[in-house]
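Structure assessment
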Amino acid sequence: MNTAIKFWFLTFTVSLLMVSSSSTTHFPNVVIAGGGFFGCSIALMLQRRGLRPMVVESENELLTRASQVNQARVHGGYHYPRSLITAYRSRYNYERFRRVYREAIVDQFTKVYGVSRLFSKVTASQFEVFMQRIGAPLKAAPDKIAAMFDTNLTESVWIAQECAFDCALLRERCRRDLEESGIPIRYGTRVVSAQRDIRGTVVAGLSDGSEWPVELVINATYSGLNLLTQGSHLPVIPLKHELAEMALIRLPEELDGLSVTMMCGPFFSFMPYPSRGLTTLSHVRYTPHLQWFEKPETVLRDPYERFGQLVKNTHYQYMVTDAARYIPALSKAEYVDSIWEVKTLLPQTEVDDGRPILFRRDPALPEVIHVMGGKIDNIFDVEDELDAVLSSSPVKIAL
Ligand SMILES: Cc1cc2nc3c(=O)[nH]c(=O)nc-3n(C[C@H](O)[C@H](O)[C@H](O)COP(=O)(O)OP(=O)(O)OC[C@H]3O[C@@H](n4cnc5c(N)ncnc54)[C@H](O)[C@@H]3O)c2cc1C
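Structural notes, computed from the coordinates. (Residues numbered from 1 in each chain as written. Predicted model: local features only at pLDDT ≥ 70, side-chain atom pairs only at ≥ 80, totals over all residues. Heavy atoms only, no water.)

1. Looking at the packing of aromatic side chains
Taken as a whole and assessed by the stated rule, the structure comprises 14 aromatic pairs. Summarising the aromatic geometry, the rings of Phe 127 and Trp 158 are spaced 5.0 Å apart at their centres and angled 35 degrees between planes, so their arrangement reads as tilted. Taken as a pair, Phe 127 in helix α4 (residues 124–134) and Trp 158 in strand β7 (residues 154–160) lie far apart in primary sequence, 31 residues in all. No difference in accessibility class separates Phe 127 from Trp 158, as the two residues are buried. Ring centres of Phe 267 and Tyr 326 lie 5.9 Å apart, and the angle between their planes is 75 degrees; this geometry places the pair in the edge-to-face category. Placement of the pair is Phe 267 in the loop between β15 (258–263) and β16 (268–273) and Tyr 326 in helix α9 (residues 316–326), with a sequence separation of 59 residues. In this arrangement the basic side chain of Lys 111 is found over the ring face of Tyr 113, its NZ or CZ atom lying 5.2 Å from the centre. Here Lys 295 stacks its cationic end above the ring of Phe 293, 5.4 Å away from the centre of that ring. (Phe/Tyr/Trp six-rings, centres within 6.5 Å; stacked < 30°, edge-to-face > 60°. Helix = DSSP H or I, 4+ residues; strand = E, 2+ residues; numbered from the N terminus. Buried < 20%, exposed > 50% of the residue type's maximum accessible area, 1.4 Å probe, protein only. Lys NZ or Arg CZ within 6 Å of the ring centre and 35° of its normal.)

Here is the structure:
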């Protein structure tokens with residue numbers, strides 16, 4: 001090919017890519033791997049700061065993995081009485097999350113927290129003091145609610161201020177925001193690598209064979225974080241994965257409009273799951289079916305592939321039998337279905353059950369940033385970290 005034809009061909013290909021990816025014609029300078037809540041939200045943050053992100057999602061829809069299959073709790077701090085920093089940050093972000101994503105907020109239910117007399121890692125008075133410390137409102141549950149609990153097993157119950165989110169409405173919100181901002185999304189495509197080429201440019205390689213010279217690659221792939229590190233010959237991020245099951249149930253009439261979380265140890269929780277008009281029942285002991293770790297010395301396997309291959313036999317009977325010891329009316333719940341997902345955690349959180357964010361510039365390739373939120377409201381903590389990166393060297397982005 002002579003030079004003129006080569007040039008025309010290149011221009012044509014680039015234009016095609018730009019047009020097919022978006023209604024607006026901007027050539028991305030950031031590739032975001034993962035179109036979950038974090039990937040989408042980070043894309044919007046970067047766009048607002050003058051960068052040109054492109055979201056690459058391996059599924060054919062946004063927010064289909066952990067951002068859809070979860071307990072739908074907007075954490076208000078009550079869940080973390082063993083991690084002051086997580087509890088405090090949750091409380092801090094709670095009202096902001098409610099405000100920013102108000103169309104996806106569901107709060108037409110009464111949130112009850114209880115402390116078990118047996119095997120609990122906190123006592124009722126410790127729980128109260130802790131919640132006071134982080135500014136999380138608690139009031140004694142009225143007799144009608146308290147009477148539903150077995151007092152031999154339950155030390156105390158309170159009404160808390162905590163709401164749920166509807167993942168379908170959150171998806172709509174993300175999709176609309178991305179569209180209005182003209183941010184291109186490539187569906188059904190994986191980011192397989194991020195590497196520096198011989199000119200020193202970082203190039204993101206996609207599963208469709210295209211290559212994108214960029215200034216930043218954001219790895220927001222949750223369970224898939226190490227698929228990208230592996231494909232890019234970057235250091236492994238230590239992670240713990242669990243195969244998690246949440247049962248979807250219909251509550252009996254006497255529990256209608258209630259959501260209960262029993263603290264703090266091997267107990268249970270039921271929360272509204274608004275996108276299906278049902279309730280999830282989860283249990284610290286029975287929701288995780290098995291776990292595996294990714295460490296530098298382990299042979300890595302694709303967690304999504306593994307998830308697809310694992311046998312999924314429900315633990316519902318174990319969950320409900322144990323939970324009904326505390327709330328006898330639960331035995332009348334109707335089992336409808338189970339939802340399953342790989343839950344990914346930072347191994348260091350096993351001690352205090354905290355949920356800090358992972359926000360790590362890759363030590364070998366600092367233009368790659370690995371992000372894992374841990375819980376949905378942590379998105380605001382990610383924003384602070386992004387700002388710090390955008391103003392620091394060596395990755396000082398030309399805005
Ligand atoms: C069982 C369970 C219960 C939970 N309960 C709660 C709760 O009650 N409250 C709360 O706040 N949080 C909860 N969480 C945590 C919360 O769901 C996650 O923190 C959040 O959804 C993570 O969002 P994300 O965008 O990082 O991940 P995801 O939504 O999983 O998004 C990652 C995306 O990356 C895509 N992907 C993967 N690899 C690639 C690749 N190489 N290229 C392109 N795309 C790729 C995936 O398809 C996926 O869509 C729970 C999680 C689980 C699993």
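2. Quick word on the pattern of salt bridges
The final tally for this structure, using the stated rule, is 26 salt bridges. Here Asp 177 and Arg 173 are joined by a salt bridge, their closest N and O atoms 2.8 Å apart. With Asp 177 and Arg 173 both in helix α6 (residues 167–180) and four residues apart, this pair spans about one turn of that helix. Owing to a relative accessible area of 17%, Asp 177 belongs among the buried residues under this scheme. A single salt-bridge network, built from bridges that share partners, covers Arg 48, Arg 49, Arg 96, Glu 383 and Asp 387. (Salt bridge = Lys/Arg side-chain N within 4 Å of Asp/Glu carboxyl O.)

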